[in-house]
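# Commentary on secondary and tertiary structure
Residue strings, one per chain:
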Amino acid sequence: MIHPTPRLRFAPSPTGSLHLGGARTAMYNWAAARALGGTFLLRIEDTDQARSTDASLQVILDGLRWLGIDWDEGPGTAGQYGPYFQMQRLELYRATADRLLASGHAYPCYCTPERLEQLREQQKAAKSSWIGYDGRCRDLTAAQRAAHEAQGLRANLRFRMPEARVIAVHDLIRGHVEVNTKELDDWVMLRPDGVPLYNFACVVDDIGMRITHVVRGEEHFLNGIKQRLLFEALDAECPVYAHIPLILNQKGGKLSKRDPGVKSVLEYRDEGFPAEAVFNYIALLGWGFAADRDVFTRDEMVAAFRIENVGKAGAKFDPEKLQWMCGEYIRRMPPAQLLDRARPWLPHVPAAAFTSHRAWLENAAASYQERVQLFGELGPKLGWLFADPVPDEAARKNLSKDPASRQWLAAWADVLAAGDLPPSWPHDRAGADDHVKLPSKKDQPEPACRFATPQRIEAECRAFVERLGVKFGSFVHPVRAALTGTDKGPGLFDVVFLLGKDACVRRLRAAAAG
RNA sequence: GUCCCGGUCGUCUAGUCCGGCCCAGGACCCCAGAUUUUCAUUCUGGUAACACGGGUUCGAAUCCCGUCCGGGAUACCA
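Residues numbered from 1 in each chain as written. Chains lettered and ligands numbered in written order. Predicted model: local features only at pLDDT ≥ 70, side-chain atom pairs only at ≥ 80, totals over all residues. Heavy atoms only, no water.

## Some thoughts on the overall build of chain A
A tally of helices and strands in chain A yields 21 helices and 11 strands. If you line up chain A on its principal axes, its C-alpha atoms span 110 × 50 × 40 Å. When each of the 514 residues of chain A is scored for burial, the buried share is 51%. By sequence separation, contacts in chain A at least 24 residues apart represent 76% of the contacts at least 6 residues apart. When the accessible surface of chain A is summed, it comes to about 23500 Å², and 52% of that surface belongs to carbon and sulfur atoms. Counting 66 positive and 64 negative side-chain charges, chain A places the averaged centre of each group 2 Å from the other. (Helix = DSSP H or I, 4+ residues; strand = E, 2+ residues; numbered from the N terminus. Buried < 20%, exposed > 50% of the residue type's maximum accessible area, 1.4 Å probe, protein only. Contact = heavy atoms within 4.5 Å. Areas by Shrake-Rupley, 256 points an atom, 1.4 Å probe, with all protein chains shown as cover. Lys, Arg positive; Asp, Glu negative; His and termini not counted. Charge placed at Lys NZ, Arg CZ, Asp CG, Glu CD.)

## A word on the nonpolar core
Within soluble globular proteins, side chains that are nonpolar tend to cluster in buried spots. Tyr 28, Leu 64, Ile 69, Trp 287, Met 301 and Phe 305 are the most contacted members of the largest nonpolar core, which has 59 residues in total. With nine residues, helix α1 (residues 20-35) is the single largest residue contributor to this core. Non-local contacts of Trp 287, meaning those with residues more than four positions away in its chain, are made with Tyr 28, Phe 296, Met 301, Ala 304, Phe 305, Arg 306, Asn 309 and Val 310. Judged by nonpolar contacts, the second largest core, of 57 residues, contains Ala 353, Cys 461, Phe 493 and Leu 508. (Core = buried A, V, L, I, M, F, W, Y, C linked by side-chain atoms within 4.5 Å.)

## Overview of the protein's contact with RNA strand B
The immediate surroundings of RNA strand B are formed by 62 residues, with Thr 47, Asp 48, Arg 191, Glu 370 and Arg 371 found nearest. Taking all atoms of RNA strand B within 4 Å of the protein, the share assigned to sugar and phosphate is 71%. One of the backbone N or O atoms of Asp 487 is found 2.6 Å from a sugar or linking oxygen in RNA strand B. Within the backbone of Gly 489, an N or O atom sits 2.6 Å from a base nitrogen of RNA strand B. Looking at the surface near RNA strand B, its residues break down into 23 nonpolar, 13 polar and 26 charged. (Near = heavy atom within 4 Å. Polar contact = N/O pair within 3.5 Å; in protein donor to acceptor, adjacent residues only side chain to side chain. Nonpolar A, V, L, I, M, F, W, Y, C, P; charged D, E, K, R; others polar.)

## Description of the domain arrangement of chain A
Per the domain assignment, the segments of chain A are domain 1 (7-74 + 199-244), domain 2 (91-190) and domain 3 (393-513). Using only C-alpha atoms to locate each centre, domain 1 and domain 3 end up separated by 58 Å. (Domains from an automatic or database assignment.)

## Thoughts on unusual backbone geometry
Residue Gly 82 is joined to Pro 83 through a cis peptide bond whose omega torsion reads 0°. Tracing the sequence through the fold places Pro 83 in the loop between α2 (54-67) and α3 (90-103). The amide bond that connects Trp 425 to the next residue, Pro 426, takes the cis arrangement and shows omega of 5°. Take Pro 426: it is sitting in the loop between α17 (405-418) and α18 (454-468). A positive phi is found at Lys 127, a non-glycine position, where the angle reads about 50°. Tracing the backbone through its elements, the reader meets Lys 127 in the loop between α4 (113-125) and α5 (142-150). Of note, the phi angle at Asp 235 is positive, near 60°, even though the residue is not glycine. Following the sequence through the fold, Asp 235 ends up in the loop between α7 (221-233) and β9 (240-244). With relative accessibility at 73%, the residue Asp 235 sits in the exposed group.

## Here's the deal with the pairing of strand β2 (residues 39-42)
Burial along β2 is two-sided: the residues Thr 39 and Leu 41 and Phe 40 and Leu 42 are all buried. Here four bridges tie strand β1 (residues 7-10) to β2, and the two strands are oriented parallel to one another. Along β2, the bridge assignment pairs Phe 10 with Leu 42. Considered for its hand, the β-α-β crossover made up of β1, α1 and β2 is right-handed. (Pairing = 2+ DSSP bridges. Right-handed = clockwise from strand over helix to strand, strands pointing away.)

## Here's the deal with the pattern of salt bridges
One pass over the full model with this rule turns up 35 salt bridges. Between Glu 73 and Arg 7 there is a salt bridge, and its shortest N-O distance comes to 2.9 Å. Of the two residues, Glu 73 is situated in the loop between α2 and α3 and Arg 7 in strand β1; the sequence distance between them amounts to 66 residues. By relative accessible area, Glu 73 is classed as buried at 9%. On the accessibility criterion, Arg 7 (2% relative accessible area) is buried. For the salt bridge of Arg 293 with Glu 300, the shortest nitrogen-to-oxygen distance reads 2.8 Å. (Salt bridge = Lys/Arg side-chain N within 4 Å of Asp/Glu carboxyl O.)

## A few points about the side chain of Arg 429
On the secondary structure map, Arg 429 appears in the loop between α17 and α18. Judged by its relative accessible area of 4%, Arg 429 is buried. At 2.7 Å, the side chain of Arg 429 forms a polar contact with the backbone oxygen of Pro 423. For Arg 429, the side chain forms a polar contact with the main-chain oxygen of Phe 497, separated by 2.9 Å. Dropping the residues within four chain positions of it, Arg 429 is found in contact with His 357, Trp 360, Pro 422, Pro 423, Asp 434, Phe 497, Leu 498, Leu 499 and Gly 500.

## With respect to the sheet that holds strand β3 (residues 106-109)
Here we have three strands laid out as an open sheet, ordered β3-β4-β7, and antiparallel in their pairing. Looking at the sheet topology across the chains shown, the edges are occupied by β3 and β7 (188-190). Between one strand and the next, the sheet's axes are offset by a mean angle of 45°, whatever the strand orientation. Across two bridges, strand β4 (residues 156-159) lies against β7 in antiparallel orientation. Across the sheet, the residue bridging to Arg 158 is Val 188, located in β7. (Axes fitted to C-alpha atoms, helices over the stretch in contact; angles between N-to-C directions.)

Here you go:
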């Protein structure tokens, strides 16, 4: 037994951003670990020194944290199977390599990169059915090795693959699969400088970290075969494998972090996508929660998740459904939460307002709750609350449609000026927003409030419009345009309530004056 | 080239293991209608799929074979 409880890992290489595909792999590992009551760990595969960077490590860590994919062992934790950076485990690889060398499972290869590349090209040019290392150094005598060493050649260590042998594996996703080892060549385990390559480091660490289940992208399927043989050579038990299909880009190819237009997880964060919506959406790429439900919580996912239920076919990423999912989460959020979480995208809202006008801002956020899908969309929509707007094209049209509308605007301004609307920002609005919760809904009882409520404003407005003898709709549109500068937004009387007396009167009169 | 995997509405999927409950269900998108002071939300309805061809069977999306199409692998990357 590898370990009494399940242990799963996500093992990214810090060579680029974390995109949705990587995030999903991490999530499936995480969910499987949580579902099985096991441990989830993070291992950093930083052996590609040419491409690994601290910046990209940070991006991966931040991305996972943002999505709520937390690890029990890994960077920043004191797990007992660390260190969790491969470059800090070099002695381990060296020692294991020596064992393999001694047992004959590994051998030094003196072929230069140039020769190997040439070899590959020749094989391709000859339309060879088989492409790979030709085994030139496989059976070098001690004398030949010594001669190479004497020339100053430094050897890679290669793993000696058994000749034609059928390996049968049971993959949690793919089921029973057989692969003949003749499809595989002798692969490099260790570079001359002692830095291991993927398959070798991976196995040494999976053994050392007592990994019981390996969930990773299907591009690793064949690596799984190579690794299985290595486990065997080391007399170690092989973990259970689950090779999940890739997420496809719009063109149907493998989603790559080098693909232009593929966003990193942090870009979604920065654009104001709710993390739980992104989490929820990517969970659905290749896995079904329930036949009739797409929105679920993290806990519900953990309760329902089984790695073997992940589909075998690749899924295309659909930005529109993600967008919808975001809106779904935003609408379900308490307004206070929406306000707080959207705050980074509200630079024009003075910091003090978050304490002095908390209830007002919550009402403002709430009135846009059904109208935004991302936190980042809230900021631009709230501009009219703080500054008299410049009417956009649609607003200008509504303002100029009926020449008589100027008189109505002026007249209504007088009505409002004489009424008891709440004060405008930045005046104190105590007694207004803390009694009236927006958005107002039909058939909602009118709240007790010492200021005019949206319901009352509407009732009085309708009476006013009736006296005026114009159609309600044709009155309302220019008013909205004057007040907000657009033809969209919350119910007009919520707008009036939020804006308060001074601002309403001022803007109506300004519009009336042209 | 060779090996591996896949193929249900445009997209994500349920159903496939244990054939009949599926003339295929849900969601996104799209369209139409309802509500309405705009936009949005909400509600109602609609369009739309078992890749193709053979078998097996009383009966196949489900089992078998072939074809086609798609993806992955084939590194001193991971």
